[in-house]
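One letter stands for each residue in the lines below.
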Amino acid sequence: MTRRIGHHAHLRRAVLMVVALLASSACIFSLAQDLGKWTIHDRSRPHPPVIIPGTAGTQEAPGKPPSDATVLFDGKDLSMWHSEGNVPAKWKVGDGYFEVVPKTGDLTTNQAFGDCQLHLEWATPSPPHGTDQDRGNSGVYQMGLYEIQVLDSFESETYADGQAGAVYGQYPPLVNACRPPGQWQTYDIIFHGPRFSADGNVVRKARVTVLQNGVLVQDNVELTGPTAHKARPPYRPHPEKLPLRLQDHDHPVRYRNIWIREL
Ligand code: MG
């Protein structure tokens, strides 16, 4: 008898979990989509594409990307990237990762991207060197213009809008979710680029959501404009797609498992 009750409770919990998951995914869906002509539960409404989701990673090994992602680094080579002057990437490839080679300049993707979901993993040097901004500094520039800061902010202080997880110079992260130097950390970034009218006015500002190590650190914030040092310059018109850029800030920061899904 006890066993049967236990079994039923287990089943009920499973059903409730599925219902909750469906409800939450439907909710996310409705934000991005127009209800249009569709009435509730319309059976003729098209279904979304079926994909194979990725797997979770560990410190030892990254997970698998979802089946519809463009893989920008799979642990082997930097063929999807180039260095300044459109020359082959000058950063160092190690066993399953690549590393900033100080003074060689930023790394840029060969392909341009606009609205996207980006996953990447990074690790700052261990043992750590330096303090403040001079400690495990790099950065992820959406469209080559809008920086999500990469920094060793584990028990290391800097100005709030310049620590790891910050939209540099604009928004501090909601929490400091940093792991110690040397450990792999994840960024999952949802980015919507700006839109400009034909005469160059901003009709839609860029927005970004960032999860660091699975924790929400930027909640759909509206960017004031491109990233700059000690300045918040206004938007300048640009195409809807531009290459992604990783920053050489003179520190041997490592990256692995980079994939992107265009939205
Ligand atoms: Mg930086």
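Note that this is a predicted model, so its numbers are computed, not measured.

J.: For this particular structure, what's the right way to read the nonpolar core?
T.: Most often, soluble globular proteins have nonpolar side chains that are buried together. With 41 residues, the main nonpolar core has Val140, Tyr187, Leu246, Tyr255 and Ile258 as its most contacted residues. Of the residues forming this core, the biggest block, four residues, is contributed by strand β7 (residues 116-123). Not counting residues up to four positions away in its chain, the partners in contact with Leu246 are Trp81, Trp91, Phe98, Asp106, Leu107, Leu120, Gly139, Val140, Tyr255 and Ile258.

J.: I'm lost on the pairing of strand β8 (residues 138-142) in this one. Help?
T.: A regular strand carries its side chains on alternate faces of the sheet. Counting buried residues in β8 gives five out of five residues, a clear majority hidden from the surface. The alternating pattern of β8 places Ser138, Val140 and Gln142 on one face and Gly139 and Tyr141 on the opposite face, and all of these are buried. In textbook terms, the turn of a hairpin is the stretch between consecutive antiparallel strands, and for β8 and strand β9 (residues 146-150) this stretch comprises three residues, one of which, Met143, has a positive phi near 60 degrees. The pairing of β8 with strand β15 (residues 242-246) spans two bridges and is classified as antiparallel. Paired with Val140 across the bridge in β15 is Leu246.

J.: Can you walk me through the coordination of the magnesium ion in this structure?
T.: When four donors bind a metal tetrahedrally, each ideal donor-metal-donor angle is 109.5 degrees, and when six bind octahedrally, the ideal angles are 90 or 180 degrees. Distances from the magnesium ion to its protein donors, namely Asn137 (OD1), Ser138 (O), Glu147 (OE), Gln149 (OE1) and Gln247 (OE1), fall within the range 2.2 to 2.4 Å. Mapped onto the sequence, the donors of the magnesium ion take the spacing N-S-x8-E-x1-Q-x97-Q. Taken together, the positions of Asn137 in the loop between β7 and β8 and Glu147 in strand β9 put the pair 10 residues apart, joining distant regions of the chain. Of the two residues, Asn137 and Glu147, neither departs from the other in class, the shared state being buried.

J.: Which parts of the structure should I look at to understand a nonpolar patch on the surface?
T.: Taken together, the side chains of Leu174, Val175, Val215 and Leu216 define a hydrophobic patch exposed on the protein surface, amounting to about 310 Å² of accessible area. Among the structural elements, Leu216 can be located in strand β14 (residues 215-222).

J.: Is there a simple way to explain the packing of aromatic side chains in this structure?
T.: Two aromatic rings are characterised by how far apart their centres lie and by the angle between their planes. One pass over the full model with this rule turns up nine aromatic pairs. When the centroid spacing of 6.1 Å and the interplanar angle of 40 degrees are considered together, the rings of Trp91 and Phe98 count as tilted. Comparing Trp91 with Phe98, the two get one shared label, buried. Among the aromatic residues, those joined into a ring-pair cluster are Phe73, Trp81, Trp91, Phe98 and Tyr255. Its end group placed over the ring of Tyr141, Arg245 keeps NZ or CZ at 4.1 Å from the ring centre.

J.: Please clarify how the environment of Glu84 should be interpreted in this entry.
T.: With respect to the element layout, Glu84 can be found in the loop between β2 (81-83) and β3 (87-88). Residue class for Glu84 comes out exposed when judged on its relative accessible area of 51%. Measuring from C-alpha to C-alpha, the distance between Glu84 and Thr104 comes to 8.3 Å, with 20 residues separating the pair along the chain. Not counting chain neighbours up to four residues away, the residues in contact with Glu84 comprise Gly105 and Asp106. Here the side chain of Glu84 touches Asp106 through a polar contact of 3.1 Å, landing on its backbone nitrogen.

J.: Mind showing me how you'd approach the pattern of salt bridges here?
T.: Pairing between side chains of opposite charge can happen when the charged atoms of each approach one another. One pass over the full model with this rule turns up 14 salt bridges. Residue Asp115 pairs with Arg195 through a salt bridge whose shortest N-O separation is 3.0 Å. Placement of Asp115 in the loop between β6 (107-113) and β7 and of Arg195 in strand β11 (residues 195-196) is noted, with a sequence separation of 80 residues between them. This pair shows no difference in class: Asp115 is buried, exactly as Arg195 is. Note that Glu262 and Lys241 form a salt bridge whose closest N and O atoms lie 2.8 Å from each other. Of the two residues, Glu262 sits in strand β16 (residues 254-262) while Lys241 sits in the loop between β14 and β15, which places them 21 residues apart along the sequence. Connected via shared salt-bridge partners are Asp115, Arg195, Arg204 and Glu240.

The rules behind each value
Residues numbered from 1 in each chain as written. Predicted model: local features only at pLDDT ≥ 70, side-chain atom pairs only at ≥ 80, totals over all residues. Heavy atoms only, no water. Core = buried A, V, L, I, M, F, W, Y, C linked by side-chain atoms within 4.5 Å. Buried < 20%, exposed > 50% of the residue type's maximum accessible area, 1.4 Å probe, protein only. Helix = DSSP H or I, 4+ residues; strand = E, 2+ residues; numbered from the N terminus. Contact = heavy atoms within 4.5 Å. Pairing = 2+ DSSP bridges. Donors = N, O, S within 2.8 Å, 3.2 Å for Na, K, Ca; no water. Patch = residues over 30% accessible without salt bridge, like charges linked within 9 Å, V, L, I, M, F, W, Y side chains within 5 Å. Areas by Shrake-Rupley, 256 points an atom, 1.4 Å probe, with all protein chains shown as cover. Salt bridge = Lys/Arg side-chain N within 4 Å of Asp/Glu carboxyl O. Phe/Tyr/Trp six-rings, centres within 6.5 Å; stacked < 30°, edge-to-face > 60°. Lys NZ or Arg CZ within 6 Å of the ring centre and 35° of its normal. Polar contact = N/O pair within 3.5 Å; in protein donor to acceptor, adjacent residues only side chain to side chain.

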